[in-house]
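Chain by chain, the residues:
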Amino acid sequence: QMKSLLSLFALGLFYTSMAQQSPFEKSNGKASATYFEAINWYKALDANSGQVSLKEMGTTDAGYPLHLVLICKDGKTDPGQWHAQQKTVILINNGIHAGEPDGIDASMMLARDLVNGKISFPANVAVAIIPVYNIGGCLNRNSHSRVNQNGPVEYGFRGNSQNLDLNRDFTKCDSRESRSFASIFQLLKPDIFIDNHVSDGADYQHTMTLITTQYNKLGGNLGQWLKKTFEPALYKSMTDKGWDMVPYVDFEATDLNKGMQMFYDPPRYSSGYAALFNTLAFVPET
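Small disclaimer: the values here were computed from a predicted structure and weren't measured.

Draft legend 1. Representation of the overall build of the protein in the model. Helices and strands together make up the secondary structure of the protein, namely ten helices and ten strands. For the C-alpha atoms alone, the extent of the protein along its principal axes is close to 70 × 45 × 40 Å. The buried share of the protein, taken over its 286 residues, is 47%. Across the protein, contacts joining residues at least 24 apart in sequence account for 71% of those joining residues at least 6 apart.

Draft legend 2. Spotlight on helix α5 (residues 102–115). Helix length check: α5 (14 residues) gives 20 Å between terminal C-alpha atoms against 20 Å at 1.5 Å per residue, within 8%. Most of α5 is tucked away: eleven of the 14 residues are buried. Along α5, the residues that are buried comprise G103, I104, D105, S107, M108, M109, A111, R112, D113, L114 and V115. Just downstream of α5, G117 is the residue with a positive phi angle, here 85°.

Draft legend 3. Region of interest: the sheet that holds strand β3 (residues 88–93). Taken in spatial order, the eight strands make up an open sheet running β1-β2-β4-β3-β5-β10-β6-β7, and their pairing is mixed. The open sheet has two free edges, formed respectively by β1 (52–56) and β7 (245–247), since each of these has just one partner strand. Neighbour-to-neighbour, the strand axes of this sheet turn through a mean angle of 25°, independent of strand direction. Of the pairings in the sheet, the one linking strand β6 (residues 208–212) to strand β10 (residues 280–285) comprises four bridges and is antiparallel in character. Within the sheet, the bridge partner assigned to T212 lies in β10 and is F282. Against the sheet, α5 contacts β1, β2 (67–72), β3 and β4 (125–130), and its axis sits at roughly 150° relative to β4. Where helix α7 (residues 176–188) meets the sheet, its contacts fall on β2, β3, β4 and β5 (192–195), and the angle it forms with β3 comes to roughly 160°.

Draft legend 4. Representation of the pairing of β4 within the structure. Burial of β4 is extensive: six of the six residues sit out of reach of the surface. Relative to β4, β2 is paired through four bridges, and the arrangement is antiparallel. Each bridged residue has a counterpart across the sheet, and for C72 the counterpart in β4 is A126. Pairing analysis gives six bridges linking β3 to β4, with the strands arranged parallel. Bridge pairing in β4 places I92 opposite I129. For the crossover that starts at β3, traverses α5 and ends in the parallel β4, the hand is right-handed.

Calculation notes
Residues numbered from 1 in each chain as written. Predicted model: local features only at pLDDT ≥ 70, side-chain atom pairs only at ≥ 80, totals over all residues. Heavy atoms only, no water. Helix = DSSP H or I, 4+ residues; strand = E, 2+ residues; numbered from the N terminus. Buried < 20%, exposed > 50% of the residue type's maximum accessible area, 1.4 Å probe, protein only. Contact = heavy atoms within 4.5 Å. Expected span 1.5 Å × (residues − 1). Pairing = 2+ DSSP bridges. Axes fitted to C-alpha atoms, helices over the stretch in contact; angles between N-to-C directions. Right-handed = clockwise from strand over helix to strand, strands pointing away.

None of this, on its own, says anything about what the molecule does.
If you want it as structure tokens, here you go:
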């Protein structure tokens, strides 16, 4: 009996360490992780799990390194081998506009739940996460620069350390962040790219809106598969979970009798950049 109790106690300690509550969870959804809290949190996850590797990948205008979290069920976290192993690679970017921190917190919980088995994790899928992309903006925290946004109590600023909008810089590469991102992207060659945002004060009835990069940019079979198969499956999955999703649209098209205009994302945007390399790109805007 004592042996069984010790085993249960050890198992309890294991799951407690793997749980790693995020600042968002500890605050009952009122706080978002700071840059240093997020990086230290991932360092702890790396130390607790053989499925995770945290790496420094290039510099930023803020002077801090851009980090990359690599997660794979078999513990093989060398991204150079992922495609040779026929893995589907998903890259998630967070905090490009640091006043929009939802993805920072959601990715922390996602990473934890992947490695502790709460979320099913296929062996042929590898996940890479940039914890905080706009580090300078994340360090510049305030409570008043996004007046129409519902929380958190503090958040970062839209511009980076040079006050550049990093989501307009993927082709001109004026920032160190963009140059570091290009190296990460070409190393990973992701099949799917997700760039997490928050709607900038827009009052939608839906919690989740989604930008899907234009199907005709991908062209051919891939574009049609995205339009007719994969994207509809995403919307159905969200409806099945009780969280109906709606496309993010351009508000300039005010005559709804003519329909709604799909968001245009040239390659200066992250999703448009990804499409140049036949990567399926999505921008969720909560």
